Amino acid sequence: MLRPRKLPRETKLWNQAFPAQCCIVQSLVTPTQQVVKMAGILDVPKPRINCSMLSQHISRPVCFVGRVEKVHPTGKTFTVADGEGKIATVELNDPLEEELSGVVEVIGMVSNKGAIMATTYNMLREDKGIAFDLELYNEALKVIQDFPQHYPFEVAASG
């Protein structure tokens, strides 16, 4: 028999803001997945990650910035390289409708296989000959990961 568990802080805040929509079915999902289902992936805090952090964020929403390496002929997947040169796979629900190149920011959920199931992506333009420095961006990610108390971009699930 499943015992009710304490609701995460995000769920409590959601229920206070939207009392008519507070019917929550307790199931075997993480608090983060519950919040994402209720609010949508674009409305919840997302950590910025690189390839080495993918395994720590399975079934969680993330933001990933990388350089497009290869687009599959079907247009439903593409690979991106992070600031360390490691490769991640991005999977789309629908095929691409535009040519994809350069640096992209992908927002999505990390699958059990370590691929990013993209909800949305944004190509970062490199105007005026100034290239986006992925190596410097990667160094910033390391600082954020090393000092989370100073960069509270993720809301902790507490009860």
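Scroll up to find the structure this text is about.
In this text the structure is predicted, and so the values were computed from the model without any measurement.

**Student:** Explain the pattern of salt bridges to me, and be specific about the residues and the numbers.
**Tutor:** This model, assessed by the stated rule, comprises four salt bridges. Its salt-bridge partner being Lys142, residue Glu84 comes within 3.5 Å of it at the nearest N-O pair. Of this pair, Glu84 sits in the loop between strand 3 (77-81) and strand 4 (87-91) while Lys142 sits in helix 3 (residues 134-146), and the two are 58 residues apart along the sequence. Residue classification places Glu84 among the partly exposed residues on the basis of a relative accessible area of 34%. The exposure class assigned to Lys142 is partly exposed, which follows from its relative accessible area of 33%. Close ionic contact of Glu139 with Lys142 constitutes a salt bridge, the shortest N to O distance being 3.6 Å. Of this pair, Glu139 and Lys142 are both found in helix 3, three residues apart, which corresponds to roughly one turn of the helix.

**Student:** Break down the packing of aromatic side chains for me, citing the residues and quoting the values.
**Tutor:** Taken as a whole and judged by the stated rule, the model has two aromatic pairs. For the pair Phe78 and Tyr121, a centre-to-centre distance of 6.3 Å together with 70° between the ring planes defines the contact as edge-to-face. Residue Phe78 is found in strand 3, and its partner Tyr121 is found in strand 6 (residues 116-124); the two are separated by 43 residues along the sequence. We classify Phe78 as buried; its relative accessible area is 1%. Relative to Tyr137, the ring of Phe132 lies with its centre 5.8 Å away and its plane at 55°, an arrangement referred to as tilted. Residue classification places Phe132 among the partly exposed residues on the basis of a relative accessible area of 29%.

**Student:** Any details on a nonpolar patch on the surface? Residues and values, ideally.
**Tutor:** A cluster of nonpolar residues, Val143, Phe147 and Tyr151, forms a patch on the protein surface that exposes about 250 Å² of accessible area. Mapped onto the fold, Tyr151 is located in the segment after helix 3. For Tyr151, a relative accessible area of 34% puts it in the partly exposed group.

**Student:** Please set out unusual backbone geometry residue by residue, giving values where relevant.
**Tutor:** Peptide bonds are mostly trans, and most non-glycine residues show a negative phi. Of note, the phi angle at Ser59 is positive, near 65°, even though the residue is not glycine. Tracing the chain through its elements places Ser59 in the loop between strand 1 (48-49) and strand 2 (61-71).

Rules of the game
Every chain is numbered independently, its residues counted from 1 as its sequence is written. Owing to the predicted nature of the model, reporting of local features is limited to residues with pLDDT of at least 70; listing and counting of side-chain atom pairs is limited to 80 or more, with chain, interface and lining totals taken over all residues. Heavy atoms throughout the structure, all of them, feed into the side-chain values; hydrogens and water do not. For this analysis, a salt bridge means a side-chain nitrogen from Lys or Arg found within 4 Å of a carboxyl oxygen belonging to Asp or Glu. Strands are runs of DSSP state E lasting at least two residues, helices are runs of H or I lasting at least four, and both sets are numbered from the N terminus onward. To sort residues, take the accessible area from a 1.4 Å probe on protein chains only and compare it with the maximum for the residue type: under 20% means buried, over 50% means exposed, and anything in between is partly exposed. Aromatic pairs are defined between Phe, Tyr and Trp rings, using the six-membered ring for Trp, whenever the two ring centres lie within 6.5 Å; interplanar angles under 30 degrees are classed as stacked, those over 60 as edge-to-face, and all others as tilted. Only residues whose relative accessible area exceeds 30% and that take part in no salt bridge are eligible for patches, with like-charged residues grouped when within 9 Å of each other and nonpolar side chains (Val, Leu, Ile, Met, Phe, Trp, Tyr) grouped when within 5 Å. Computed with a 1.4 Å probe, the accessible areas rest on the Shrake-Rupley method; for each residue, only the protein chains presented here act as cover.

The values reported here are purely geometric and, on their own, carry no functional implication.
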